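# A structural walkthrough
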Amino acid sequence: MGAAALGVLAGTITGYAVQYHREPTPLPPLAQQKMAAPSPAAVNDATTKRSINANRWHKADEDLAKKLVDVPGGVQDGFSGPVSPDTFSASYFLEPSEGVGSVVRQAKRLATARWAEDDRNFIEINLIQFRDRLGAEDFYTDVAKYMPNKDFAGNTGKDLPGAPADFGHMWIDSKAHEEPGYHPIRQGRALIRRGDIVASIEYTNNRGEIDEKTLAELAKRQMERL
């Protein structure tokens with residue numbers, strides 16, 4: 001800790017020493033009338049969440065979103081792009097108000113792709129870029145711990161084909177969730193960790209059927225994009 005503090009202090013002193021021998025540089029005016037930034041757009045048939053909320057996303061957010069697999073053509077409710085912590089938490093956590101705080105503290109960027117196929121299959125892929133590798137590792141480990149519980153997959157799952165051990169895993173619910181008057185819901189889930197990024201892939205079917213090969217192929221495509 002002491003060495004790190006000294007390193008920061010030394011860098012600061014060096015910076016002052018260099019600046020001391022230079023001519024002063026005029027500062028720009030504090031109030032800049034023209035800034036190189038897009039203006040929010042009025043809502044119409046051509047606008048998107050991004051254009052309505054101009055300046056809400058950073059350029060690096062788009063870079064993360066580019067790592068998402070492409071949304072297939074001809075699907076329903078297709079979306080792909082950066083998302084805010086509150087939007088992510090609302091769809092990811094059972095208790096969004098409790099989860100959003102940890103997302104804000106630990107995650108640096110978030111991106112989501114989702115679509116529906118024939119009103120039966122519903123796919124959502126979330127990319128979470130953490131502030132460091134440890135955050136990604138902790139998230140991955142925590143999910144792997146609770147997925148075997150009966151309220152989740154109910155089994156230990158299996159390693160993801162093509163992924164190194166502890167860097168890719170997949171689960172398919174042991175049984176479908178059934179309620180009177182509703183279609184049986186069954187879910188498959190795959191988790192991939194690469195550096196400081198975790199990809200969470202959820203494949204839900206409302207007929208109680210999950211094709212393991214389809215889930216594994218989707219996870220493989222996302223893994224290649226990372």
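Source: prediction; values computed, not measured.

### Observations concerning the sheet that holds strand β2 (residues 107-117)
An order of β1-β2-β3-β7-β6-β5-β4 is seen for the seven strands of this open sheet, with the pairing classed as antiparallel. Every other strand in the sheet has two partners, leaving β1 (76-82) and β4 (158-159) as the edge strands with one partner each. Bridging between strand β5 (residues 168-172) and strand β6 (residues 186-194) involves five bridges; their strand directions are antiparallel. In the sheet register, Met-170 faces β6, and the bridge partner there is Ala-190.

### What to know about the pairing of strand β3 (residues 121-130)
Counting buried positions along β3 yields nine of 10 residues, so the element is predominantly enclosed. The turn linking β2 back onto β3 is made up of three residues, and Asp-118 within it adopts a positive phi angle of 55°. In this sheet, strand β7 (residues 197-205) lies alongside β3 in antiparallel orientation, the contact comprising nine bridges. Each residue of the ladder has a partner; that of Ile-128, found in β7, is Val-198.

### Digging into the confidence of the model for the protein
Per-residue confidence for the protein gives a mean pLDDT of 80, with 73% of residues at or over 70. Of the regions scoring below 50 in pLDDT, residues 30-35 engages in zero contacts with residues more than four places distant in sequence or in other chains. Scored below 50 in pLDDT, residues 54-58 makes 11 contacts in the model with residues more than four places away or belonging to other chains.

### A few points about the layout of surface pockets
The volume enclosed by the largest pocket comes to roughly 1100 Å³. As for the largest pocket, its lining consists of 37 residues, and the residues nearest its centre are Tyr-92, Leu-94, Tyr-146, Phe-152 and Arg-189. Among the elements of the structure, α4 (85-92), α5 (96-106), β3, α6 (133-146), β6 and β7 are those that each provide at least two residues to the lining of the largest pocket. Along the lines of polarity and charge, the residues of the lining of the largest pocket split into 16 nonpolar, nine polar and 12 charged.

### A look at the nonpolar core
One recurring pattern in soluble globular proteins: nonpolar side chains tend to sit buried together. Among the nonpolar cores identified, the biggest contains 26 residues, and Ile-125, Ile-201 and Leu-218 are the most heavily contacted of them. Taken together, the elements giving at least two residues each to this core come down to α3 (59-65), β2, β3, β5, β6, β7 and α7 (212-225). Top element by residues in this core is α7. It accounts for five residues. Residues contacting Leu-218, with those up to four places away along its chain left out, are Val-69, Trp-115, Ile-123, Ile-125, Ile-201 and Tyr-203. Membership of the second largest hydrophobic core comes to 17 residues, among which are Val-83, Tyr-92, Ala-107 and Trp-171.

### Side note on α4
Among all positions of α4, only Phe-88, Ser-89 and Tyr-92 are buried. Seen end-on, α4 carries its buried residues on one side only, within an arc spanning 95°. Where α4 is buried, its residues meet α5, β2, β3, α6, β6 and β7.

### Digging into the side chain of Gln-222
Inspection of the secondary structure assignment puts Gln-222 in helix α7. Those residues in contact with Gln-222 that lie beyond four places of it in its chain are Lys-67, Leu-68, Val-69, Ile-125, Leu-127, Ile-192, Ala-199 and Ile-201.

### Some points on the environment of Ser-91
Checked against the element boundaries, Ser-91 lands in helix α4. Exposure remark for Ser-91: the relative accessible area of 43% places this residue in the partly exposed category. Sequence spacing of Ser-91 and Glu-124 is 33 residues, and the spatial spacing of their C-alpha atoms is 9.7 Å.

Conventions used here
- Residues numbered from 1 in each chain as written.
- Predicted model: local features only at pLDDT ≥ 70, side-chain atom pairs only at ≥ 80, totals over all residues.
- Heavy atoms only, no water.
- Pairing = 2+ DSSP bridges.
- Helix = DSSP H or I, 4+ residues; strand = E, 2+ residues; numbered from the N terminus.
- Buried < 20%, exposed > 50% of the residue type's maximum accessible area, 1.4 Å probe, protein only.
- pLDDT = per-residue confidence, 0-100.
- Contact = heavy atoms within 4.5 Å.
- 1 Å grid on protein atoms, 1.4 Å probe; cavity = no way out; pocket = protein on both sides within 12 Å on 5 of 7 lines; lining within 4 Å.
- Points joined across faces, edges and corners; volume = space filled by probe spheres on them.
- Nonpolar A, V, L, I, M, F, W, Y, C, P; charged D, E, K, R; others polar.
- Core = buried A, V, L, I, M, F, W, Y, C linked by side-chain atoms within 4.5 Å.
- Arc of directions from axis to C-beta.

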